[in-house]
Amino acid sequence: MTLSRRNLLCQSMAAAVAFIGCSGRWALAQEPQRRREIVVNGKRVRTVDMHAHCHIPEATALASYKENFPGLVIGPERTKEMDEQGIDVEALSINPNFWDKLDRDLQAQIVKLQNEKLAELCTKEPERFVGLGSVTLAHPDLAVEQVEYGVKRLGLRGALVGGSVNGVELSDRRFDPFWAKAEALGVAVFIHPQGTPELEASGRLKGNGVLGNTIGNPLETTIALSHLIFEGTLDRYPEAKILGAHAGGYLPSYIGRSDKACETFPQRCTVALKRRPSEYLRQLHFDSMTFTAEGLRHLIAEVGASQIVMGTDHPFPWTKTAVDAILNQPGLNDDDRVAMLSGNAFRLLGMKA
Ligand SMILES: [Zn+2]
């Protein structure tokens, strides 16, 4: 579309609705009190937030787990906030995995109830919510059944797992059946950190700055993804649809060191990989939670726009401008904007945009 054609379109839209911003390559229509609708190059785009959480009170009660953060239990304010931010669909997941250390039967009970209630919630508002279910990865045999049941019977679109499970890395061979099942089902596995309890125990993350979260969370994702690369898990399950939280932690920022490590110390690299570590970034997916245009630019440069989905961590108020960050990112073409706002997520979820 030519610039003049686009401006014409802008003008006609301005006449139809309250309108903001006709400059640049995208247009945004907004009416107060109504859903903010995102339009890119004249086309309405259904935006997806792949990193959004909720809690199911009936399931947390089974574990006597308490998390009182406002907005985690889905109520009418959830869609109102989504409307304000221009988010059409949230892929809801439950975090943390508060059941990981409980008795096997209780874990199974919690996950079953949680997945059923999550599916119910999504069924009530299918235009707004899809579900990434929970699994008891501490018991991989159960996790395999849960992900299959969740996807085939409950209509869930994947699962959230921690960055490690009770101190065991996701690359451990005991989890291979889970990766194999997720790959066969073609559903998304969202790796969401549970902090770094080992480091917290040392006391180094104490003090001001919420460092257990600020640093501990992206650090766990960095460790988890590094093991999946270096232990050959991504070679064994090349079609697994893995999404790393918080822009993959620190891994994409310093992936060059991962490439050099085995060249520098070949005797300490005993697993033969099919590709250079940096190339696996283009097999993984990452949310857009970088907070700066420069951070997002670098993430795109390292992993490719095709691997990035929008993420907010809603209802935790890390950002209310995830949509705008992508719309306003310099140097992107419209196809990439649409892919990051919408298409990549629908592909991960196995749905039509
Ligand atoms: Zn989160």
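Up top is the structure.
Computed from a prediction, not measured in an experiment: that's the story for all the values here.

A few words on the coordination of the zinc ion. Looking at the metal site, the zinc ion is ligated by His 51 (NE2), His 53 (NE2), His 192 (NE2) and Asp 313 (OD), spaced 2.0 to 2.1 Å from it. Along the chain, the residues donating to the zinc ion fall in the pattern H-x1-H-x138-H-x120-D. Remark: His 192 occurs in the loop between strand 11 (188-191) and helix 7 (197-202) and His 53 occurs in strand 5 (residues 48-53); sequence separation between them is 139 residues. Across this residue pair, the class does not change: His 53 and His 192 are buried.

Turning next to the sheet that holds strand 12 (residues 241-244). If you trace the 5 strands from one edge of the open sheet to the other, you get 8-11-12-13-14, paired in parallel fashion. Unpaired on one side and paired on the other, strand 8 (158-161) and strand 14 (308-309) mark the two borders of the sheet. In this structure, strand 8 lies alongside strand 11, joined through 4 bridges in parallel fashion. Each bridged residue has a counterpart across the sheet, and for Val 161 the counterpart in strand 11 is Ile 191. Where helix 6 (residues 176-185) meets the sheet, its contacts fall on strand 8, strand 11 and strand 12, and the angle it forms with strand 11 comes to roughly 130 degrees.

Evaluated as defined, the whole model comprises 5 aromatic pairs. Here Tyr 65 and Phe 98 contribute two aromatic rings whose centre-to-centre distance is 4.6 Å and whose plane-to-plane angle is 5 degrees, an arrangement assigned as stacked. Pair noted here: Tyr 65 is in the loop between helix 2 (57-62) and helix 3 (76-85) and Phe 98 is in the loop between strand 6 (89-93) and helix 4 (104-124), with a separation of 33 residues, a long-range link. Seen in terms of ring centroids, Phe 69 and Phe 316 are 4.5 Å apart; in terms of plane orientation they differ by 40 degrees. Their pairing is tilted. Within this pair, whereas Phe 69 is found in the loop between helix 2 and helix 3, its partner Phe 316 is found in the loop between strand 14 and helix 13 (322-327), the two being separated by 247 residues in sequence.

With respect to the helices and strands, His 51 occurs in strand 5. With relative accessibility at 0%, the residue His 51 sits in the buried group. Counting along the chain gives 260 residues from His 51 to Gly 311, while the straight-line C-alpha distance between them is 4.5 Å. If sequence neighbours within four positions are ignored, His 51 has contacts with Phe 190, His 192, Ala 245, His 246, Asp 287, Met 289, Met 310, Gly 311, Thr 312, Asp 313 and His 314. Among the polar contacts made by the side chain of His 51, one reaches the side chain of His 53 at a distance of 3.1 Å.

Cut-off values and rules
- Residues numbered from 1 in each chain as written.
- Predicted model: local features only at pLDDT ≥ 70, side-chain atom pairs only at ≥ 80, totals over all residues.
- Heavy atoms only, no water.
- Donors = N, O, S within 2.8 Å, 3.2 Å for Na, K, Ca; no water.
- Helix = DSSP H or I, 4+ residues; strand = E, 2+ residues; numbered from the N terminus.
- Buried < 20%, exposed > 50% of the residue type's maximum accessible area, 1.4 Å probe, protein only.
- Pairing = 2+ DSSP bridges.
- Contact = heavy atoms within 4.5 Å.
- Axes fitted to C-alpha atoms, helices over the stretch in contact; angles between N-to-C directions.
- Phe/Tyr/Trp six-rings, centres within 6.5 Å; stacked < 30°, edge-to-face > 60°.
- Polar contact = N/O pair within 3.5 Å; in protein donor to acceptor, adjacent residues only side chain to side chain.

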